[in-house]
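# Report on the structure
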Amino acid sequence: MRLIALLLALMLAQPLPADSNLPPAYWANRQLPDARQEARAQSLMEEVRCLVCQEQSMADSDAELAGDMRDLVRRRIAAGESPDQVRSWLIERYGSWVSYRPTTEPASWPLWLAPLALLLVGAFLVQRRIKLKARR
Amino acid sequence: MIAETGLAALWLAAGLAALQFLLMVIALRTTLDVGRTIRAVAAVQGALALTAFVMLLLVFARSDMSVALVFENSHTAKPFIYKIAGAWGNHEGSMLLWVTVLSGAGACLGLLSRQTHERTLVAALGAQAALALGFYAFLLIASNPFARLLPAPPNGKGLNPLLQDPGLAFHPPTLYFGYVGLSVAFSLAVGALLTGEVDAKLARAMRPWVLGAWTLLTLGITAGSYWAYYELGWGGYWFWDPVENASLMPWLAATALLHSINVLAARGALKAWTMMLAVVAFSMSMVGTFLVRSGILTSVHAFAIDPQRGTFLLALLAIYVGAAFILFAVRGATLKEGAPFELVSRETGLVVNNLLLSVILGIVFLGTLYPLFVEAVSGEKLSVGAPYFNAVAGPLALVLAILVGIGPLLSWRRERRPVFKQLTVPALLGVTVFVISFIVAPAMGVLPRVGLPVAMFLAGASILPLVGRNPLRAPIATWGMVVAHLGIAVSLVGMAMNAAFTSERLAVVRPNETLTVGPWTVLLKEVTPTAGQNFTAIEAELRATRGDGIKVLKPQTRYFTDPPMETNEAAIDTFWNGQLYTVIGKPDPSGGWQLRLWWKPFVTLIWAGGVLIALGGAIAMTGRVRRQRRRKPEWRKERYA
Amino acid sequence: MSRAIRFAPLALLLIVILALVWRLATPADTTVSSKLEGQPLPVFQLAAAVPPKAALETADFATGQPRILNIFASWCVPCISEVKVLQGLKRRGVHIDGIAIRDRPQDVAAFLDRNGDPYERIGADPQSALQIALGSSGVPESFIVDGEGIIRYQHIGPIEASDVPKILKKLEEAR
């Protein structure tokens, strides 16, 4: 995915994610010793965008900032925060755009209502084709 | 010279497409018989488009740098297969492939159709020509693959290393044959709406085309998913990326269409739904093409970022789909449906199947475009990704999977046999697996927890149509259906196992240290520099064991120069019960290396299932086509009547 | 089949085409902006990036005067030309503090020696922790913080000469 990061970096005329001289943060590429915490951290990281290489999650991105974000997420989860708390913290700073899971704000309601609406419309279209009442 | 020949062939083909369209208009307005002429025109048009494509392959094979496209996308140091595959690894070349398949399909439609109403077939050929005309215009005006670059530079810019993979040779052409194959269904539907001849005969004419396109689409999507899995190094196989969704939507529509056609062919019912699905399926193909080439989405798959091309494609989309929808709205009233279906019958089963597939299609469509709608209306930016699609489409897909087990057992018209008794064995199997899963894996997610039993139920139920009768005397089409439905079950098992039982280990490891993942103990022996034909690399030697023998894996990080880039080559070892997936990362200041390991039990079933589904389609197609070809073509009959 | 059902697909198509036309006309803005405008600065205390130059903490912003908080790094190429513009602002009496992202003291020192030093204080953020807490997504970026420590404006990318009038205006508004 480095290519994408590079291409996007070249296209954005603005903050360039060039490489720094420091190594990745400690928890960027190490798992937490507690397996359950690591699992929670991992599923959160898969649901949050990488800010630099858009269209990738924080978990998969090679970008340095993504590594630092992973470090931050792991530290917070290890300190006892819940994934929802960390997600809200990130959304406060970057907006709901940063979460791949749509939030519960009003702008997302149609997303959750749509499947129901589609099923109802579909059922309506279909019921005319099926003999639902027994014929005498 | 070669490039100019290709360009000339393209212009001629475009001219013939215009003629073909004109012939259709004449046929529908007058009583002239254009049957032989229009078929000849379609055949020559197809041959010319193919010529143009072969010319493109030739200039790539010879690394002719005076052709701008070759300069942009190739390099003399490239392995030969990637020189050829590079021809379609870019926007213009892949567009030419698209158009070649479109006109080729039209030629085959004209030459190979037998039991089809003549007027409808002529109308369909005209519609196909109209489609081709728009895309020829797009190629010739906005995306000329044969544009020259003079004076010719000594060498080219090279092909993106991510694309230098056997997957590239296979994945796009297969997908394109699938996408564009659906155009025939579109054209036949438009033709039938124009002539009013929407009936069982039309369904039987459409069926082999839809089967063929759908089979190739299934293969193409499966291949794409596997390619992404092993090439990109993140251990996942589906990201619900907008462009992945763009390939899934035509597939969902085509699957619904396939089943709807069966109802139309067997009972002459579901006319409106079948016509609409036929139009929607190819419309989704066109939407996909638009999304990938317009620059409105950022994605691994996105081609050149070019809003002007996007506008052209959007205009084509609006014209074609708009015209088809208008035709449907106007002629829809004349589509007479028969009596309602019995509640417990195969027709009802297929209708509910259609409904669920259409709802899933709607959800994927909405989820993909929703961020765009919201931003257009309120300026707010939000994201819709895997968590949404899995949460919503997942359960619906599982309900559908259960129905897939039941439907094929039902009779047409009315089910009088105790079908549900037959299902007790698969049902028990499912329930047993469900209970065992609590013992073996108490901490499983909801989707895999429900998905695994459903998959086992479906696996058992899908073979029931062959049980209790002589399998060798069952129609070939039934075999096809059984294999395809079994493939769904196999794929679901793979997905559930992957979701529930994957182990991942991520750590910094020094040479001669070990890391355990699942049942494996992996030793990092050493990390050495190495080189390939057009790259240098660092390669790790890993020795993995789980008690019986040592397996050696060598993941690499490769560095390319044309263009300059770095890629991860995962080393994957496949066993009967899963895959060991290894990736080497960056060196750590402490002297170690970042190592990422996965043990994925039964993950290969995901793609094995996909291949089975495609195989089922291929089997069904041989059965149908053989039956059709035994009859004499109608248009020949009329000559000697 | 009722009229509504027959024309519904067409209506849907129209909506989708309109949305796509809109998107082609207004290309997506890929910059990621911070949502903290109007919020107080997060509580932080950074070590000095280039000792003995002063370190940076939240309290340094409660001076009653608006200040610019500039996020930069020695390995950031556009930051080099930005330093000149920042020095111009400093000459006009603007107070500028810096945060060095993922940097070593010797590299920051070399950067300042080569290009100039417009900063009153520089904090070290070796793991981008404060950068993330501010809702920033790259270097260089600048925040205008008012006298009470509230973030009033975010400028993404290097401050160029053409941006100076706007920055000055925002500084005035932050008084």
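Residues numbered from 1 in each chain as written. Chains lettered and ligands numbered in written order. Predicted model: local features only at pLDDT ≥ 70, side-chain atom pairs only at ≥ 80, totals over all residues.

## Focus: the overall build of chain C
Note the cut-off: Counting from the N terminus, the helices are the DSSP runs of H or I reaching at least four residues and the strands are the DSSP runs of E reaching at least two. Radius of gyration here is computed from C-alpha atoms only, and the compact-globule reference equals 2.2 Å multiplied by the residue count raised to the power 0.38. To sort residues by exposure, count the other C-beta atoms lying within 10 Å of each residue's C-beta; 20 or more gives buried, 12 or fewer gives exposed, and values between give partly exposed, all with C-beta atoms placed from the backbone. Working definition of a contact: two residues with C-beta atoms, positioned from the backbone, lying within 7 Å.
Of the regular secondary structure elements, chain C holds five helices and seven strands. Traced from its N-terminal end to its C-terminal end, chain C shows the element sequence α-β-β-β-α-β-α-β-α-β-β-α. Taken over C-alpha atoms, the radius of gyration comes to 21 Å for chain C, far larger than the 16 Å a tight globule of 175 residues would show. For chain C, with 175 residues in total, the buried portion stands at 39%. Nonlocal contacts in chain C, meaning residues at least 24 apart in sequence, comprise 76% of its contacts between residues at least 6 apart.

## Quick notes on the overall build of chain A
Summing up its helical and strand segments, chain A has five helices and zero strands in all. For chain A, the α and β elements follow one another from N to C terminus as α-α-α-α-α. Sorting the 136 residues of chain A into buried and exposed places 40% on the buried side. A fraction of 58% describes how many contacts in chain A between residues 6 or more apart in sequence connect residues 24 or more apart.

## As for the pairing of strand 6 (residues 141–145) of chain C
Residues and elements named next belong to chain C. Using the following cut-off: Note: two strands are recorded as paired if DSSP finds a minimum of 2 bridges between them.
Among the five residues of strand 6, five are classified as buried, and the element is accordingly described as predominantly covered. Burial of strand 6 is two-sided: the residues Glu141, Phe143 and Val145 facing one way and the residues Ser142 and Ile144 facing the other way are all buried. Where strand 3 (residues 67–72) and strand 6 come together, five bridges link them in antiparallel fashion. Its bridge partner being in strand 6, Ile68 is matched across the sheet by Ile144. Looking at chain direction, strand 6 and strand 7 (residues 151–156) are connected through five bridges and run antiparallel. Bridge assignment links Val145 to a residue of strand 7, and that residue is Ile151. Where strand 6 hands over to strand 7, the hairpin turn is made up of five residues, of which Gly149 adopts a positive phi near 85°.

## A few points about the interface of chain C and chain A
Many descriptions give the size of an interface as the accessible area lost when the pieces come together. Going by this rule: For this scheme, ten residues count as nonpolar: Ala, Val, Leu, Ile, Met, Phe, Trp, Tyr, Cys and Pro. Four count as charged, namely Asp, Glu, Lys and Arg, and the remainder, Gly too, count as polar.
At the junction of the two partners, chain C supplies 29 residues and chain A supplies 24 residues. For the side of chain C that touches chain A, the elements supplying multiple residues, two or more each, are helix 2 (77–91) and helix 4 (129–133) of chain C. The leading source of residues in the side of chain C that touches chain A is helix 4 of chain C, at three residues. A class-by-class count of the residues in the side of chain C that touches chain A yields 14 nonpolar, nine polar and six charged.

## Remarks on the sheet that holds strand 1 (residues 503–509) of chain B
All names here are of chain B. We apply this condition: In this description, a line fitted to the C-alpha atoms serves as the axis of each element, helices being fitted only across the stretch in contact, and the angle between N-to-C directions of two axes falls anywhere from 0 to 180 degrees.
What the four strands build is an open sheet, ordered 1-10-9-8; its pairing is antiparallel. Each having just a single partner strand, strand 1 and strand 8 (571–575) make up the two edges of the open sheet. Strand-to-strand twist of the sheet, defined as the mean angle between neighbouring strand axes without regard to direction, takes the value 15°. Alignment of strand 9 (residues 578–587) against strand 10 (residues 593–601), held across eight bridges, turns out to be antiparallel. Bridging across to strand 10, Ile584 finds its partner in Leu595.

## What to know about the sheet that holds strand 4 (residues 95–101) of chain C
All names here are of chain C. With respect to topology, five strands assemble into an open sheet ordered 5-4-3-6-7, the strand pairing being mixed. Single-partner strands in this sheet number two, and they are strand 5 (121–125) and strand 7. In this sheet, neighbouring strand axes are inclined to one another by 20° on average, regardless of whether the strands run parallel or antiparallel.

## A closer look at the interface of chain B and chain A
Taken together, the contact between chain B and chain A spans 46 residues of the former and 36 residues of the latter. Breaking the side of chain B that touches chain A down by element, the ones donating at least two residues are helix 12 (346–378), helix 13 (386–406), strand 1, strand 7 (564–569) and strand 9 of chain B.

## Re the environment of B:Gly451
All names here are of chain B. Tracing the backbone through its elements, the reader meets Gly451 in helix 16 (residues 446–462). Along the chain, Gly451 and Val493 lie 42 residues apart, while their C-alpha atoms are 7.4 Å from each other. Ignoring sequence-local partners within four residues, the contact set of Gly451 consists of Leu398, Leu492, Met495 and Ala496.

## Side note on unusual backbone geometry
The omega torsion across B:Leu150 and B:Pro151 is 0°, close enough to zero to call that bond cis. Structurally, the position occupied by B:Pro151 is in the loop between helix 6 (118–142) and helix 7 (166–195). Put simply, C:Val139 and C:Pro140 share a cis peptide bond, and its omega is -5°. Turning to its location among the elements, C:Pro140 is positioned in the loop between helix 4 and strand 6. At B:Ser63, a residue that is not glycine, the phi angle is positive and equals roughly 50°. Relative to the helices and strands, B:Ser63 resides in the loop between helix 2 (35–61) and helix 3 (68–73).

## Things to note about the packing of helix 2 (residues 35–46) of chain A against helix 3 (residues 64–78) of chain A
Residue and element names in this part refer to chain A. Here is the rule: Should an angle lie under 35 degrees it is considered roughly parallel, over 145 roughly antiparallel, and from 65 to 115 roughly perpendicular; all remaining angles are considered oblique. By definition, any crossing whose near helix is turned counterclockwise from its far helix by less than a right angle is left-handed, and any crossing with a clockwise turn is right-handed.
The N-to-C vectors of helix 2 and helix 3 enclose an angle of 140°; their axes lie 10 Å apart at closest approach. With respect to each other, helix 2 and helix 3 are oriented oblique. Crossing of helix 2 against helix 3: the hand is right-handed. Two secondary-structure elements touch here, helix 2 through Gln37, Arg40, Ala41, Leu44 and Met45 and helix 3 through Arg70, Val73, Arg74, Ile77 and Ala78. Classifying every residue of the contact of helix 2 with helix 3 by side-chain character gives six nonpolar, one polar and three charged.

## What about the packing of helix 2 of chain B against helix 5 (residues 91–112) of chain B?
Relative orientation and spacing of two packed helices are given, respectively, by the angle between their axes and the distance between those axes. Residue and element names in this part refer to chain B. For the pair helix 2 and helix 5, the least separation of the axes is 8 Å and the interaxial angle reads 155°. Between helix 2 and helix 5, the angle falls in the class roughly antiparallel. Note on packing geometry: the crossing formed by helix 2 with helix 5 is left-handed. Residue-level contacts link Ile38, Arg39, Ala42, Ala43, Gln45, Gly46, Ala49, Leu50, Ala52, Phe53 and Leu56 of helix 2 to Gly93, Leu96, Leu97, Val99, Thr100, Ser103, Gly104, Gly106, Ala107, Gly110 and Leu111 of helix 5. Here the residues of the contact of helix 2 with helix 5 are counted per class, giving 13 nonpolar, eight polar and one charged.

## Considering the environment of A:Pro102
Note on placement: A:Pro102 falls in the loop between helix 4 (83–94) and helix 5 (109–127). Taking C-alpha positions, A:Pro102 is 25 Å from A:Ala78, a pair spaced 24 residues apart along the chain.

## A short note on the confidence of the model for chain A
Condition: pLDDT measures how confident the predictor is about each residue, on a scale from 0 to 100.
When pLDDT is averaged along chain A, the result is 82; 84% of the residues meet or exceed 70. Long-range and interchain partners of residues 1–17 of chain A, a stretch whose pLDDT sits below 50, account for 46 contacts in this model, where long-range means more than four residues apart.

## Observations regarding the environment of B:Ile550
Residue and element names in this part refer to chain B. Locating Ile550 in the fold gives a position in strand 5 (residues 550–553). In the structure, Ile550 is positioned 29 residues away from Thr521 in sequence and 9.7 Å away in space, judged by C-alpha atoms. When sequence neighbours within four positions are dropped, the list of residues in contact with Ile550 reads Arg543, Ala544 and Thr545.

## With respect to helix 10 (residues 271–293) of chain B
Residues and elements named next belong to chain B. For clarity, the cut-off: For a helix, the expected span equals 1.5 Å multiplied by the number of residues minus one.
With 23 residues, helix 10 should reach 33 Å at 1.5 Å per residue; the first-to-last C-alpha distance of 34 Å fits that figure. Most of helix 10 is tucked away, with 23 of its 23 residues classed as buried. Positioned one or two residues after helix 10, Gly295 has a phi angle of 85°, which is positive.

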